[in-house]
Amino acid sequence: MKHPLAFFLLLVFPFFAKGQDTLTVMQYNLLEYGNYNSGWAECFETNNNTQTKDECIRTILDYVKPDIFTVNEFGATQVLQNDFLRHNLNINDINYWKSDDIINYASSNIINHIFYNSNKLALKKHIALRTNPRDTDIYELYCKTASLAAGDTIKLICVVAHLKAGMNYESSRRAQLQTTMDYIYQHYPNDNTLIMGDFNMYSSGETGYQLLTRTYNHSEICFVDPVGSSGVGPWNENQNYAQYHTQATASWIDNDCRSTGGMDDRFDFILMADEIAFGYHNIRYVRDSYKAVGNDGRHFNQSINQGTNNSAPQAVIDAVFDCSDHLPITMKLAVTAQLDVDEYALTPEFNASIAPNPASDAINVCFFNRLDGIVNFDIYNIQGQLVEQQSTGFSRGNQLHQMDISHLPKGFYIMQISDESHQTETLKLIVK
């Protein structure tokens, strides 16, 4: 954990560090791409033509310019993957896009997949979890930074899932995420991790969403929703959440392949581990960069191209409408291979720890105090709001400070410890 406070401040006061690169991530349900054996939806070449979709996808890609492009509902053939690279990504003298061989334990007609910019990233490992109704895919990437040769490996884990659709399948969605979270807990508990895909959830009250975002389910793992508290709630058919809806792009269409009814559901997500939210391991979420392409918040129960939509160029709005019944989701990540001079001043000096953690009533903060004087203990919630503040005088040496936290709601918190010489350390705190 090199410099967590630096990013915590970024949540409140956005800035950009020196010597950083930026990764743009895009997640998109492509709606039965290249799959003409219809399944429950009647998707055929006449109403879901791959070549027509490719034109739309190229328009969207040119607008977003992603470095990581993850997809759901991609036809499960290697030929289709190769054609997608050749027709949509490695075009116009670009040749750096890569992917990986398909894994399809579930033998599904549609799969998850990833495409990535090999100038910035390399794929070390691809794992497919045997989940129902489709595999959940985990891609272990690392960033090609200038200091990579010196051993400065910055990992980024992308977990791509497509959960069971339907009001009556909440338990199925929860079971798929339980398998996924158990695997992350065993193999990537403290890594930079994104989990993304079409989750088909109707509310943040669903047990699957709670499993992802509540730290007391897995004490080392907490996924943060980039939209913050304003976008978390009963979003299904609720106009108050119109700016966060990602499905459906059409109010009505003479096409049995796609869902209609207009924009009224939030199904598509990119959630980030707290390591990314608070920048523990050289990858930081760029504040306010999370977007649903084509959603201006003014098309509740309408087609996204009905009337005026200034959230993107008209060609992009039309391409999103024509391509799928879902919106693409995008976000930006700042990658900092080396700390700035100012950030070095923020490296931990207290050698502090919290016990117990998770806790419910009281905690002991153990730390080494370098100088006689006042030490401050500030606790912030996940939205960056100060919820507890204490200041006490200590002499030099090993110290113990007890704090009552019984009044804090369950959840994830950040404790910031500081002294009069402006030395600062930041720790996770989980209240259960």
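Residues numbered from 1 in each chain as written. Predicted model: local features only at pLDDT ≥ 70, side-chain atom pairs only at ≥ 80, totals over all residues. Heavy atoms only, no water.

### Overview of the overall build of the chain
Per the secondary structure count, the chain includes eight helices and 20 strands. Burial statistics for the chain: of 432 residues in total, 56% are counted as buried. Summarising the internal contacts of the chain: among those between residues at least 6 apart in sequence, 69% fall at separations of at least 24. Only carbon and sulfur atoms are counted for the fraction: they give 46% of the accessible area of the chain, which is about 17,900 Å². (Helix = DSSP H or I, 4+ residues; strand = E, 2+ residues; numbered from the N terminus. Buried < 20%, exposed > 50% of the residue type's maximum accessible area, 1.4 Å probe, protein only. Contact = heavy atoms within 4.5 Å. Areas by Shrake-Rupley, 256 points an atom, 1.4 Å probe, with all protein chains shown as cover.)

### Examining unusual backbone geometry
Among all residues except glycine, the phi angle is most often negative; among peptide bonds, the trans geometry is most common. Omega for the bond connecting A355 with P356 falls within 30 degrees of zero, at -10 degrees, which places this linkage in the cis form. Relative to the elements of secondary structure, P356 occurs in the loop between β14 (353-355) and β15 (362-369). In this structure, the amide linkage connecting N357 to the following residue, P358, adopts the cis form with an omega of 15 degrees. Here P358 lies in the loop between β14 and β15.

### Describing helix α4 (residues 170-187)
Between its first and last C-alpha atoms α4 spans 26 Å; for 18 residues at 1.5 Å apiece the expected length is 26 Å, and the two agree. Among the residues making up α4, those that are buried are S172, R173, Q176, L177, T180, M181, Y183 and I184. Considered in projection along α4, the buried side chains sweep an arc of 170 degrees and stay on one side of the axis. Summarising the geometry of α4, the exposed residues directed more than 90 degrees from the buried face are S171 and Q186. On its buried side, α4 packs onto β5 (121-129), β6 (136-143), β7 (155-162), β8 (193-198), α5 (207-213) and β9 (223-224). (Expected span 1.5 Å × (residues − 1). Arc of directions from axis to C-beta.)

### Points about the sheet that holds β15
Taken in spatial order, the three strands make up an open sheet running β14-β15-β18, and their pairing is antiparallel. With one partner strand each, in any of the chains shown, β14 and β18 (397-404) form the two edges of the open sheet. Within the sheet, the average angular offset between the axes of one strand and its neighbour, ignoring direction, is 25 degrees. Of the pairings in the sheet, the one linking β14 to β15 comprises three bridges and is antiparallel in character. Paired with A355 across the two strands is N364, which belongs to β15. (Pairing = 2+ DSSP bridges. Axes fitted to C-alpha atoms, helices over the stretch in contact; angles between N-to-C directions.)

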